[in-house]
Amino acid sequence: MKIGAKIRELRILKGLTQEELADRAELSKGFISQVERDLTSPSIATLMDILQCLGTTIGEFFNEAPEEQIVFGRQDYFEKTDADCRNNIKWIIPNAQKNVMEPILLTLEAGGSTYPDNPHEGEEFGYVLSGSLSIHLGNRVYKAKKGESFYYTPDRKHYLTSKSGASILWVSAPPSF
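Cut-offs and rules
- Residues numbered from 1 in each chain as written.
- Predicted model: local features only at pLDDT ≥ 70, side-chain atom pairs only at ≥ 80, totals over all residues.
- Heavy atoms only, no water.
- Helix = DSSP H or I, 4+ residues; strand = E, 2+ residues; numbered from the N terminus.
- Buried < 20%, exposed > 50% of the residue type's maximum accessible area, 1.4 Å probe, protein only.
- Contact = heavy atoms within 4.5 Å.
- Patch = residues over 30% accessible without salt bridge, like charges linked within 9 Å, V, L, I, M, F, W, Y side chains within 5 Å.
- Areas by Shrake-Rupley, 256 points an atom, 1.4 Å probe, with all protein chains shown as cover.
- Salt bridge = Lys/Arg side-chain N within 4 Å of Asp/Glu carboxyl O.
- Pairing = 2+ DSSP bridges.
- Phe/Tyr/Trp six-rings, centres within 6.5 Å; stacked < 30°, edge-to-face > 60°.
- Lys NZ or Arg CZ within 6 Å of the ring centre and 35° of its normal.
- Core = buried A, V, L, I, M, F, W, Y, C linked by side-chain atoms within 4.5 Å.
- UniProt positions renumbered as here; feature names shortened; annotations may be inferred.

- You'll find the protein chain entered in an unreviewed UniProt entry as Helix-turn-helix domain-containing protein, with Candidatus Caccovicinus merdipullorum given as the organism.

Printed below as a string of structure tokens:
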């Protein structure tokens, strides 16, 4: 394993120059430069000093676990179209149903709706990206249009409808779709 590039990356993430790292680790700037270019290898004790100055441990440094995905694009979405309800759901975070919250992109066609959902624990949030919709909570109906958001606890029968069509960023915790 080439440790130089990894040390350099950590140093830059910490906003340190080679000289600043060298001063903190009581080493020379030249030695840090050689380590970062894999021209020399530090002893275990020296490596531990460098890593301590970089705010990590030797165990974390050598952990080869794959980096978790944080940013997701269209190619990561899972999509489901419901012809009966005339809606389209895009899970914008893969496998979100296993998380505490589940963000999706919900598109209701004109005259579209979601299936009525029975009361359950949790929270539901939406942001209207385009169009307008009606939020049905129990026997009350609330209207929301582009640029508006809504939030409710789903403790009564609830569903969404749209006469003209709408796109909504939807977050449900725990997942309910």
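Considerations on the overall build of the protein chain
Phase 1 of the analysis: A count of helices and strands for the protein chain gives five helices and nine strands.
Phase 2 of the analysis: Mapped from its N terminus to its C terminus, the protein chain presents α and β elements in the order α-α-α-α-α-β-β-β-β-β-β-β-β-β.
Phase 3 of the analysis: Each principal axis of the C-alpha atoms in the protein chain carries an extent, and together these give about 70 × 30 × 25 Å.
Phase 4 of the analysis: Every one of the 177 residues in the protein chain was classed for burial, and the buried ones make up 35%.
Phase 5 of the analysis: Considering only residue pairs separated by 6 or more positions, the protein chain has 60% of its internal contacts joining residues 24 or more positions apart.

A word on a nonpolar patch on the surface
Phase 1 of the analysis: The grouping of Phe 125, Tyr 127, Leu 129 and Tyr 151 at the surface amounts to a nonpolar patch, some 360 Å² of accessible area in total.
Phase 2 of the analysis: Looking at the nonpolar patch, the element that brings in the most residues is strand S5 (residues 123-137), giving three residues.
Phase 3 of the analysis: When you line up the elements, Tyr 127 lands in strand S5.

Overview of the pairing of strand S3 (residues 102-108)
Phase 1 of the analysis: S3 sits mainly inside the fold: six of its seven residues count as buried.
Phase 2 of the analysis: Here strand S2 (residues 87-91) pairs with S3 via five bridges, running antiparallel. Along S3, the bridge assignment pairs Ile 89 with Leu 106.

A closer look at the packing of aromatic side chains
Phase 1 of the analysis: All told, the structure shown has four aromatic pairs when counted by the stated rule.
Phase 2 of the analysis: Taken together, the ring pairs connect Phe 150, Tyr 152 and Trp 170 into an aromatic cluster.
Phase 3 of the analysis: Taking the ring centre of Phe 61 as reference, the NZ or CZ of Lys 6 above it sits at 5.0 Å.

Some details on the nonpolar core
Phase 1 of the analysis: Counting 16 residues, the largest nonpolar core has Leu 106, Leu 133, Ile 135, Phe 150, Leu 160, Ile 168 and Trp 170 as its most contacted members.
Phase 2 of the analysis: For this core, the secondary-structure elements that each account for two or more residues are S2, S3, S5, strand S7 (149-152) and strand S9 (166-173).
Phase 3 of the analysis: Element by element, the count of residues in this core is highest for S5, at four residues.
Phase 4 of the analysis: Ile 135 has contacts with Arg 140, Val 141, Tyr 142, Ala 144, Phe 150, Tyr 152, Tyr 159 and Leu 160, leaving out every residue within four places of it along the chain.

What to know about the UniProt feature "domain: HTH cro/C1-type" (unreviewed entry) in the protein chain
Phase 1 of the analysis: Taken from the UniProt record, the annotation "domain: HTH cro/C1-type" (unreviewed entry) applies to residues 7-61.
Phase 2 of the analysis: As a span, residues 7-61 carries 67% helix and 0% strand, and end to end its C-alpha atoms are 9 Å apart.

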